[in-house]
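Here's the letter readout for the chains.
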Amino acid sequence: MRPAFVFGTRPEIIKLSPVIRAFIKRGVEPLLIHTGQHYDYEMSAVFLEELELPEIDYHLEVGSGTQAEQTGLAMMKIEKVLMDEKPDVTLVQGDTNTVLAGALASVKLKIPVAHVEAGLRSFDRTMPEEINRVLADHASEVLFPPTEEARRNLEREGITENVYVTGNTIVDAVLQNAEMAEKKSDVLERFSLKPGEYILITAHRAENTDSRENLEKLIEILESLPMRAIYPMHPRTKNRLKEFGLLGKVEGIENLIVTKPLGYLDFLKLERNAFAIMTDSGGIQEEAIILNVPCLTLRYNTERPETVEAGGNVLVGLEKERALNYINKLLNDAEFYRKMASAPNPFGDGKAGERIAEILLKLHERGELKVRS
Ligand code: UD1
Ligand code: UDP
């Protein structure tokens, strides 16, 4: 059995690492294909190193571009590798352009696709990620929704065969790395931060960063925070702020540390020790609840509603008043803080990677890992 993994961005490397490990543990050598959607050292290579992944077999160097340029070029390059290598299955994870490209290129070569983190829906079709998720799910043969809620989304769209609820591999990644992060990372000392006394911020999503108006709303929130904050800034946001002439304004905010993106161990340590997290990231909404840190999401919807239902996450959008109300409530109401910080993790037990490898190996053994006619 030879599984191919197609990935290209920071979260895909992190969330696929437990699955790659699980195959290797079972004596299976995976084929690793990196599209190069993310290419800066701190957006890609740092994770390959820290997570001790094997050598990448193919670096496709697709890079940045418009939606169609990036997806199209990735499809062409992935297709060539899959035609040469003929893997038994192609694994993709999540909702990026790399995922859509990998899924389409593979299924059209009649190589079955397995979608890790299937079934997530924001129901907002203006997000590129939502289109990628829906199409990748419908191109996939085997689907691994992380939760029952995600499984039900698939069912509503008529996808009921070869669907396995596994938990989210982010739990595996956090459990596999959190302790090492506590021991090895000196991130708090480097930035002179004290546990529980700072807010961790990230924002990179297209809907928040592509318009000046929304960037200005984000800046208003950052300017009004009542405690120290640190913002490891995604290159997309940095580039947009530069284009709009707003980077200096953000960098000049007192009490806000703006830094380049951080490696996984540093970032996990920052998350775990934060007073609260404000983010528009999908993976960070998940990690916050796993690590028992209150999360305020800088979006108006989420494809991770389980976090909100569990009580660990609140959608505040880009509304300064709403965001500040919640931060102040967390600061002044100990019971409210305790409740948010103790919301139960809805994403499983940290064995998702093992389950995914087991299921795919079994399907392969039974000759059932193929594109249905
Ligand atoms: C992509 C995903 C998003 C995911 C995010 C993870 C899509 C449509 N979006 O968004 O779902 O949450 O990755 O971080 O696939 N850039 C660099 N260096 C890099 C990578 C990007 O400077 O290594 C800059 C470029 O200016 C580029 C911009 O960031 O144009 C956006 O990169 P892109 O890969 O298109 O989308 P992300 O915003 O990273
Ligand atoms: N992350 C990191 N360093 C950072 C910011 C994020 O290691 O500076 C990790 C974070 O712990 C999470 C993942 O990157 O596992 C989230 O990636 P991102 O927010 O880019 O993408 P999304 O999850 O929104 O698709």
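Here the structure is a predicted model, which means the values were calculated and not measured.

S.K.: Would you explain the domain arrangement of the chain in this entry?
M.R.: Interface size is commonly expressed as the accessible surface area that is lost when the partners come together. What the domain assignment lists for the chain is domain 1 (3-168 + 349-365) and domain 2 (179-341). Between domain 1 and domain 2, the C-alpha centre-to-centre distance is 27 Å. Each side of the interface is counted separately: domain 1 has 23 residues, and domain 2 has 20 residues. Interface area, domain 1 with domain 2, both sides summed: about 1,700 Å², of which 53% is carbon and sulfur. Counting the surface domain 1 buries against domain 2, the share from its top three residues, Glu42, Glu50 and Glu149, is 26%.

S.K.: Explanation requested: the pattern of salt bridges in the structure shown.
M.R.: Once their charged atoms are close, side chains differing in charge can pair, the charge on each being opposite to the other. Following the criterion strictly, the structure yields 33 salt bridges and no others. Between Glu303 and Arg133 there is a salt bridge, with the nearest N and O atoms lying 3.2 Å from each other. Of this pair, Glu303 sits in the loop between strand E11 (295-297) and helix H15 (305-310) while Arg133 sits in helix H5 (residues 128-139); the two residues are 170 residues apart in sequence, bridging distant segments of the chain. Judged by relative accessible area, Arg133 falls into the buried class, the value being 3%. One salt bridge connects Glu243 with Arg240, and the closest N-O pair in it is separated by 3.2 Å. Of this pair, Glu243 and Arg240 both sit in helix H11 (residues 235-243), separated by three residues, roughly a single helical turn.

S.K.: Would you mind going over the packing of helix H7 (residues 169-184) against helix H13 (residues 264-272) with me for this structure?
M.R.: To describe two helices that pack against each other, one gives the angle between their axes and the distance between the axes. Between H7 and H13, the shortest axis-to-axis distance is 8 Å and the interhelical angle comes to 90°. Comparing their axes, H13 and H7 come out roughly perpendicular. Every residue of H13 that contacts H7 at Ile170, Ala173, Val174, Asn177, Ala178, Glu179, Met180, Ala181, Glu182 and Lys184 is listed here: Tyr264, Leu265, Leu268, Lys269 and Arg272. Residues of the contact of H7 with H13, tallied by class, amount to nine nonpolar, one polar and five charged.

S.K.: Help me understand the site of ligand 2, please; the structure alone is not making it clear to me.
M.R.: Taken together, the neighbourhood of ligand 2 is formed by 19 residues, with Arg205, Leu262, Ser281, Gly283 and Glu287 sitting nearest. Here Arg10 contributes a side-chain N or O atom positioned 2.8 Å from an oxygen atom of ligand 2. With respect to ligand 2, the side chain of Arg205 contributes an N or O atom lying 2.5 Å from an oxygen atom. Listing elements by their share of the shell around ligand 2, those giving two or more residues are helix H1 (10-25), H13 and helix H14 (282-290). The dominant element in the shell around ligand 2, judged by the number of residues it contributes, is H14, at four residues. Looking at side-chain class alone, the shell around ligand 2 contains ten nonpolar, five polar and four charged residues. Lining the shell around ligand 2 are residues from two domains, each supplying at least three of them: domain 1 (3-168 + 349-365) and domain 2 (179-341).

S.K.: It is not clear to me how the side chain of Asp124 should be interpreted in this structure. Could you clarify?
M.R.: Looking at the secondary structure, you find Asp124 in the loop between strand E5 (113-116) and H5. Here the side chain of Asp124 touches Asn301 through a polar contact of 3.2 Å, side chain to side chain. In this structure, Asp124 is in contact with Glu130 and Asn301, ignoring residues within four places of it in sequence.

S.K.: Looking at this model, I keep getting lost on H7. Mind explaining?
M.R.: Since the α-helix turns once every 3.6 residues, residues separated by three or four places project in the same direction. End to end, H7 covers 22 Å across 16 residues, agreeing with the expected 22 Å (1.5 Å per residue, within 8%). Along its length, H7 shows its largest kink, about 40°, at Asn177. Residues of H7 that are buried include every one of Thr169, Ile170, Val171, Asp172, Ala173, Val174, Asn177, Ala178 and Ala181, and no others. Where the residues of H7 are buried, they touch H1, E5, H13, H14 and helix H18 (352-365). Capping the start of H7 is the job of one residue whose side-chain oxygen sits 2.9 Å from the backbone nitrogen of Ile170: Asn168.

S.K.: Sorry if this is basic, but what is going on with the sheet that holds strand E10 (residues 276-279) here?
M.R.: Strands pair in a sheet through their backbones, by hydrogen bonds, and they do so in one of two ways: parallel or antiparallel. The strand order E9-E8-E7-E10-E11-E12 describes an open sheet built from six strands, whose pairing is parallel. Looking at strand neighbours, the two that pair on one side only are strand E9 (256-259) and strand E12 (313-315), the edges of this open sheet. In this sheet, neighbouring strand axes are inclined to one another by 20° on average, regardless of whether the strands run parallel or antiparallel. When E11 meets E12, the two strands line up parallel, connected through three bridges. When the bridges of E12 are listed, Leu296 appears paired with Val314. Docked against the sheet, H14 engages strand E7 (199-202), E10, E11 and E12, running at close to 165° with respect to E10.

Definitions and cut-offs
Every chain is numbered on its own, with residues counted from 1 as its sequence reads. Ligands are numbered from 1 and chains lettered from A, in the order in which they are written. Reporting in this predicted model follows two pLDDT cut-offs: at least 70 for local features of residues, and 80 or more for side-chain atom pairs to be given and counted; totals over whole chains, interfaces and linings ignore these cut-offs and use all residues. Calculated side-chain values reflect all of the structure's heavy atoms, with hydrogen atoms and water omitted. Bear in mind that the domain bounds are from an automatic or database domain assignment. Any two residues having at least one pair of non-hydrogen atoms within 4.5 Å are treated as being in contact. When two parts are put together, the accessible area they lose, computed with a 1.4 Å probe and summed over both, is reported as buried area. Salt bridge, as used here, is a side-chain nitrogen of Lys or Arg placed within 4 Å of a carboxyl oxygen of Asp or Glu. The secondary structure listing takes helices from DSSP runs of H or I that are at least 4 residues long and strands from runs of E that are at least 2 residues long, numbered from the N terminus. Burial status follows relative accessibility: with a 1.4 Å probe on protein chains alone, a residue under 20% of its type maximum counts as buried, one over 50% as exposed, and anything between as partly exposed. Angles shown run from 0 to 180 degrees and are taken between the N-to-C directions of axes, each axis being a line fitted to C-alpha atoms and, for helices, limited to the stretch in contact. To sort the angles, those under 35 degrees are grouped as roughly parallel, those over 145 as roughly antiparallel, those from 65 to 115 as roughly perpendicular, and the leftovers as oblique. Throughout this entry, Asp, Glu, Lys and Arg are counted as charged residues, while Ala, Val, Leu, Ile, Met, Phe, Trp, Tyr, Cys and Pro are counted as nonpolar. The remaining residues, Gly among them, count as polar. Distances are taken per atom, and a residue is near a molecule or strand as soon as one of its heavy atoms is within 4 Å of it. A 3.5 Å cut-off defines polar contacts: any pair of N or O atoms within that distance qualifies, except that in protein one atom must be a possible hydrogen donor and the other a possible acceptor, and neighbouring residues in sequence count only when both atoms are side-chain atoms. Expected helix span is taken as 1.5 Å per residue step, with the number of steps being one fewer than the number of residues. Note on bend: at a given residue it equals the angle between the axes fitted to the 7 residues ending there and to the 7 starting there. Paired strands, in this sense, are two strands between which DSSP finds at least two bridges.

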